[in-house]
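Inside the fold
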Amino acid sequence: MAAKAQVLYDFTAEPGNNELTVREGETLTVINQNVGGGWIEAQNSRGDSGLVPEDYLELSGAQTATAYTSTYSQAAANNTQVANGNDPRSGGGAYTTDTAGGWDQQTTGGGEDDDGEWDDEWDDDRSTGGYTDTHGEEEPGAMGRNTQSSTMKISRNKFPFSKTPNPEVFLLGSLPARGKDRLPIYMGEVGPVWLYPQSPLDCVVADPKKGSKMYGLKSYIEYQVTPNTTNRPVNHRYKHFDWLYERLLHKFGSAVPIPSLPDKQVTGRFEEEFIRMRMERLQGWMNRMCRHPVVCSSEAFQLFLTYRDEKEWKMGKRKAEKDENIGPMIFSFIDPDAPDMEPHEVEQKCEMYSRFTKAMDDGVKDLLNVGQVHWKRCTGPLPKEYQRIGKAFQNLSSVFNTSGYKGEATLTDALTAAGKTYEEIALIVAEQPRRDLHFLMETNNEYKGLLGCFPDTIGVHKAAIEKVKEGDKMVAAGKINSQDKLTMAKRISTMSYSLQAEMNHFHSNRIYDYNRVMQLYLEEQIKFYDTIAEKLRQALGKFTTL
């Protein structure tokens, strides 16, 4: 009998990704639980089938245990076919460069030998922090990870604290003392802004080196990360970056969109091109985190950059994992220097940001699709067209040479030179995307990941707005008193200032990033066409006019 699954909340499929649009409360028939990469293939009551995130489903009965108790090695095996290009989501996933330098869409899946379990001697002891079940194992880790399979990774861009955002813990709960963790917001020229550090934080990810352990049975790549505050390098493997990502997502995900890391890869992990690309993308991710005033000042982030020895790292790691002030409770530390906002104004701001981020997400994806097509054309058919033109000129020159006419040597030499010029142009065209389009695509890919976080972050605010709207009904039902209702209105105002500060940070970075990358792109395009024009001028100079 086929397994059934209940849809926990709405999911809208992206066109061309073999995904299935589902609605909360709908019952699905599970076709394949072992797709890998956090996806389940299912069929709805109308007979439509496709992929649905496993975090969005609750499998019925005994099937639940089957879905969530696979080991890391099983997950890696399931995803090997994804890394080999057999991704059932045709066209989905992150953009990565192939060995020829072109852009392709692929999902590399979830398992690397060196990026899976925390199996270092000084990383074995995995404290789980504030959310524990009766057995002391990690519970809200998250949507898709169960207590018997703690090595499974949480899904990217999904809230790890619970299956649905629960702002009520902040709106009506007892708040912790702020202390030094206070997150001030000031009114700037553009509206609410975070307090930025006087000296911007920066770091360099460099010097990847292959290491091994267990007498060479396990290998990994380790990177040097050097912050500008200490100029002292610290060493980190990918799984350490992954740990940092999960901690930041737990801590700040309700208020700050935390973009996911570069995707994992099962095969080809030690190839030079893959290592270079991973390092470049880890650098981009770290740059974005360093530029965020809330994230860069957090204890977990500072620990990652400045730990002095393994003991300090281990102790700091345990402390970060025991932090109970995560999820919506992060709003309890936000301190806006501004009067309280009315709930209807909060709702208007939230809707405005939701519309903008959705529209920008569509625009970024469109540019990525166009860029991918252009990259493939520049590295495929377009150079071949130039090569064919060059070959045709040279063939014509060879024919002219057979005429025996003594006065045409200059012409045939010029034709041959023109043919070779077009062959040179073919090589230039094939290499050009690496020089300009690559950086434009990487920037847009970063923003694609960042924008993919906003629906969840804004969803917390929308859930809070709905809760405040229920205030009168809750008072009438005796669930809260009038003072609680006023407290909710005041606290949702704090949430709104947080969202506005975050959007202003996003807009400021967006303007800087797109100015920078478009300048680079156009400058390289100008060099590209100038180079071609100069070669054509040289070819032209070889032809004489009688």
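Fair warning: this is a prediction, and the values are worked out from it, not measured in the lab.

Attention now goes to the overall build of the protein chain. Along its length, the protein chain carries 15 helices and 13 strands. Look at the contacts in the protein chain between residues 6 or more apart in sequence, and 72% of them connect residues 24 or more apart. Counting every atom, the protein chain has about 26,700 Å² of accessible surface; 51% of that belongs to carbon and sulfur.

Cysteine pairs can be covalently joined through their sulfur atoms, and such a bond is termed a disulfide. Enumeration over the complete set of coordinates arrives at zero disulfides. This cysteine, C203, is not joined by any disulfide, and C290 carries the nearest cysteine sulfur, 3.9 Å off.

Within a regular beta strand, the side chains point alternately toward one face of the sheet and then the other, so they alternate between its two faces. Across four bridges, the pairing between strand β11 (residues 218–227) and strand β12 (residues 234–237) is antiparallel. Bridged to Y223 within β12 is H236. Adjacent in sequence and paired antiparallel, β11 and β12 are bridged by six residues, among which N231 carries a positive phi angle near 55 degrees.

Axis angle and axis distance: for two packed helices, these are the angle between their axes and the distance between the axes, and together they describe the pair. Contact pair helix α11 (residues 409–435) / helix α15 (residues 482–540): the axes reach a minimum separation of 10 Å and the direction vectors enclose 175 degrees. One finds that α11 runs roughly antiparallel with respect to α15. Note on element contacts: α15 touches α11 through E524, Q525, F528, T531, I532, K535, L536 and A539, opposite A418, T421, Y422, E424, I425, I428, V429, Q432 and R435. The residue inventory of the contact of α11 with α15, partitioned by class, reads nine nonpolar, four polar and four charged.

Attention now goes to the sheet that holds strand β5 (residues 57–59). Pairing within the open sheet is antiparallel, and its five strands lie in the order β4-β3-β2-β1-β5. Here the strands that pair on one side only, and so sit at the sheet edges, are β4 (49–53) and β5. With strand direction ignored, the average angle separating the axes of adjacent strands in the sheet is 45 degrees. Direction of pairing for strand β2 (residues 27–36) relative to strand β3 (residues 39–43): antiparallel, over a ladder of four bridges. What sits directly across from T29, in β3, is Q43.

Let us look at the pairing of strand β1 (residues 4–7). Side chains A5 and V7 project from β1 onto a buried face, and the interleaved K4 and Q6 project onto a face without burial. As defined by bridge partners, β1 adjoins β2 across three bridges and the pair is classed as antiparallel. Residue pairing across strands places K4 opposite T29, the latter belonging to β2. Note that β1 and β5 share three bridges and pair antiparallel. Each bridged residue has a counterpart across the sheet, and for Q6 the counterpart in β5 is E58.

The next point concerns the pattern of salt bridges. In the structure shown here, the tally under the stated rule is 27 salt bridges. Here E442 makes a salt bridge to R281, at a shortest N to O gap of 2.8 Å. Linking E442 in helix α12 (residues 437–451) with R281 in helix α5 (residues 272–290), this pair joins segments that are 161 residues apart in sequence. Judged by relative accessible area, which is 8%, E442 ranks as buried. The exposure class of R281 is buried, given its relative accessible area of 14%. When the shortest N-O distance is used, the salt bridge between E446 and R288 registers 3.0 Å. A residue pair is termed long-range when its members are at least 10 positions apart, and E446 in helix α12 and R288 in helix α5 qualify at 158 residues. With a relative accessible area of 28%, E446 lands in the partly exposed category. The buried category is assigned to R288, whose relative accessible area is 11%. Salt bridges here are not isolated pairs; linked through shared partners, they connect R288, R291, E446, D513 and R516.

With that out of the way, let us pick up the nonpolar core. One finds L244, L248, I258, M286 and F301 to be the most contacted residues of the largest nonpolar core, which totals 79 residues. When residues of this core are assigned to their parent elements, the largest contribution, eleven residues, is made by α15. Residue contacts for L248: discarding those within four places in its chain leaves G253, I258, W285, M289, V295, S298 and F301.

You can see E502 is positioned in helix α15. The side chain of E502 sits in the buried core without any salt bridge; R288 is the nearest counter-charge, 8.9 Å away. Of note is the side chain of E502, whose polar atom sits 3.2 Å from the side chain of W194. Among residues more than four places away in sequence, those in contact with E502 are W194, A255, V256, P257 and H292.

Right, let's get into the sheet that holds strand β13 (residues 334–336). Note on sheets: strands pair through backbone hydrogen bonds, and any given pair is parallel or antiparallel. Strand order across the open sheet formed by three strands is β9-β8-β13, with mixed pairing between neighbours. The two strands at the open ends of the sheet, each matched to only one other strand, are β9 (191–194) and β13. Geometrically, the sheet is characterised by an average inter-axis angle of 30 degrees between neighbouring strands, direction not taken into account. As judged from the three bridges shared by strand β8 (residues 183–188) and β13, these two strands associate in the parallel manner. When the bridges of β13 are listed, L183 appears paired with I334.

Taken over all residues, the pLDDT of the protein chain has a mean of 80, while the share at 70 or more is 77%. Below a pLDDT of 50 lies the segment residues 62–164, which in the model reaches 269 contacts outside its immediate sequence neighbourhood of four places, other chains included.

Here we come to the packing of aromatic side chains. Inspection of every chain in the model, using the stated rule, returns 14 aromatic pairs. On the basis of an interplanar angle of 70 degrees and a centroid distance of 5.6 Å, the ring pair of F393 and Y422 is categorised as edge-to-face. On the criterion of sequence distance, the pair formed by F393 in helix α10 (residues 381–401) and Y422 in helix α11 is long-range, its members being 29 residues apart. Following the ring pairs from residue to residue traces out a cluster consisting of Y223, F241, W243, F304, Y307 and W313. R237 extends its terminal NZ or CZ atom over the ring of Y220, reaching a point 3.9 Å from the ring centre. Between R278 and the ring centre of Y238, over which it is positioned, the NZ or CZ distance is 3.8 Å.

Definitions and limits used
Residues numbered from 1 in each chain as written. Predicted model: local features only at pLDDT ≥ 70, side-chain atom pairs only at ≥ 80, totals over all residues. Heavy atoms only, no water. Helix = DSSP H or I, 4+ residues; strand = E, 2+ residues; numbered from the N terminus. Contact = heavy atoms within 4.5 Å. Areas by Shrake-Rupley, 256 points an atom, 1.4 Å probe, with all protein chains shown as cover. Disulfide = S-S within 2.5 Å. Pairing = 2+ DSSP bridges. Axes fitted to C-alpha atoms, helices over the stretch in contact; angles between N-to-C directions. Parallel < 35°, antiparallel > 145°, perpendicular 65-115°, else oblique. Nonpolar A, V, L, I, M, F, W, Y, C, P; charged D, E, K, R; others polar. Buried < 20%, exposed > 50% of the residue type's maximum accessible area, 1.4 Å probe, protein only. Salt bridge = Lys/Arg side-chain N within 4 Å of Asp/Glu carboxyl O. Core = buried A, V, L, I, M, F, W, Y, C linked by side-chain atoms within 4.5 Å. Lys, Arg positive; Asp, Glu negative; His and termini not counted. Polar contact = N/O pair within 3.5 Å; in protein donor to acceptor, adjacent residues only side chain to side chain. pLDDT = per-residue confidence, 0-100. Phe/Tyr/Trp six-rings, centres within 6.5 Å; stacked < 30°, edge-to-face > 60°. Lys NZ or Arg CZ within 6 Å of the ring centre and 35° of its normal.

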